[in-house]
Amino acid sequence: MIPLANRKILSRFVLFGMVVALYDVILHAVLVFLHLAFEWFELGLEEIIEHVFHTTRQQSQIIVFYLLWFMALFVLYRLWRALPSILNGFKGQLNQLKAQLLDACLECQLFIKHYWREQSSIQKIKWVASLTLSLYSLTFFAF
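Attention in this report is confined to the structure presented alongside it.

Thresholds applied
Residues numbered from 1 in each chain as written. Predicted model: local features only at pLDDT ≥ 70, side-chain atom pairs only at ≥ 80, totals over all residues. Heavy atoms only, no water. Helix = DSSP H or I, 4+ residues; strand = E, 2+ residues; numbered from the N terminus. Rg over C-alpha atoms; globule rule 2.2 N^0.38 Å. Buried < 20%, exposed > 50% of the residue type's maximum accessible area, 1.4 Å probe, protein only. Areas by Shrake-Rupley, 256 points an atom, 1.4 Å probe, with all protein chains shown as cover. Lys, Arg positive; Asp, Glu negative; His and termini not counted. Charge placed at Lys NZ, Arg CZ, Asp CG, Glu CD. Phe/Tyr/Trp six-rings, centres within 6.5 Å; stacked < 30°, edge-to-face > 60°. Axes fitted to C-alpha atoms, helices over the stretch in contact; angles between N-to-C directions. Parallel < 35°, antiparallel > 145°, perpendicular 65-115°, else oblique. Left-handed = near helix turned anticlockwise from the far one by under 90°. Contact = heavy atoms within 4.5 Å. Nonpolar A, V, L, I, M, F, W, Y, C, P; charged D, E, K, R; others polar. Expected span 1.5 Å × (residues − 1). Salt bridge = Lys/Arg side-chain N within 4 Å of Asp/Glu carboxyl O.

Moving on to the overall build of the protein. For the protein, the helix and strand inventory stands at 4 helices and 0 strands. When the elements of the protein are put in sequence order from the N terminus, they spell out α-α-α-α. Expected size for 143 residues packed as a compact globule is a radius of gyration near 15 Å; at 29 Å, the protein overshoots this value by more than 25%. In terms of overall dimensions, the protein has C-alpha extents of about 85 × 50 × 40 Å along its principal axes. Here the protein holds 143 residues, and the buried ones make up 6% of them. Approximately 13,300 Å² of the protein is accessible, and the part contributed by carbon and sulfur atoms is 74%. Averaged over its 12 positive side-chain charges, the protein has a centre that lies 19 Å from the centre of its 9 negative ones.

Structure (structure tokens):
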């Protein structure tokens, strides 16, 4: 019997593996589901307008079309109005993230400089030749 903690780790590992392996299928399924949900919402709105206001199918479709445009523009307007306060809330977090990225970059540079100093001349020549050949091959095959 697998202990509970190991089962949780195993199930999360399997779930992560499935998401990585099937990301395109999952994304497509989510988008299809959202499209179908929107179509059902639109059809329901058409049926309600057709029933309540005794309109034809074409008239109710036109009403729903403009109603959906109005709803989308209203949401975009509210987002536009709320965006400055949202960005001000993120400003401190962005500064903290920037500082962390700069620290990580500096640490990486120091590690690379230290690693380069430890290498022998032969190893340095191998690194430079390998990098030069790689860049040449990349530009040759890319262009």
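Two aromatic rings, taken as a pair, are described by how far apart their centres are and by the angle between their planes. Summed over the entire model, instances satisfying the criterion amount to 7 aromatic pairs. The interplanar angle of 20° and the centroid separation of 6.4 Å between the aromatic rings of Phe70 and Phe74 together place this pair among those described as stacked. Of the two residues, Phe70 and Phe74 are both situated in helix α3 (residues 57–118); the distance of 4 residues between them amounts to about one turn of the helix. Classification of Phe74 by relative accessible area gives partly exposed; the value is 47%. With a centroid separation of 5.2 Å and 75° between ring planes, the pair formed by Phe140 and Phe141 is classed as edge-to-face. Pair check on accessibility: Phe140 and Phe141 agree, each one exposed. Taken together, the aromatic side chains of Phe65, Tyr66 and Trp69 make up a single cluster linked through ring pairs.

Following both chains from N to C, one finds helix α2 (residues 23–53) and α3 inclined at 125°, their axes separated by 9 Å at the closest point. Judged by the inter-axis angle, α2 sits oblique to α3. Between α2 and α3 the crossing geometry is right-handed. Side by side, α2 and α3 meet where Phe38, Phe41, Glu42, Leu43, Leu45, Glu46, Glu47, Ile49 and Glu50 of the first sit next to Arg57, Ser60, Gln61, Ile63, Val64, Leu67, Leu68 and Met71 of the second. Split by residue class, the contact of α2 with α3 holds 10 nonpolar, 2 polar and 5 charged.

With that settled, consider α2. Counted at 1.5 Å a residue, the expected span for α2 with its 31 residues is 45 Å, and the 44 Å between its end C-alpha atoms agrees. Buried within α2 we find Glu42, Leu45, Glu46 and Ile49. Where the residues of α2 are buried, they touch α3. Looking one or two places after α2, you find His54, whose phi comes out positive at around 55°.

Checked against the element boundaries, Glu42 lands in helix α2. One buried charged residue, Glu42, forms no salt bridge at all, with the nearest opposite charge on Arg57 at 9.4 Å. Discounting chain neighbours no more than four positions away, the residues touching Glu42 are Val64 and Leu68.

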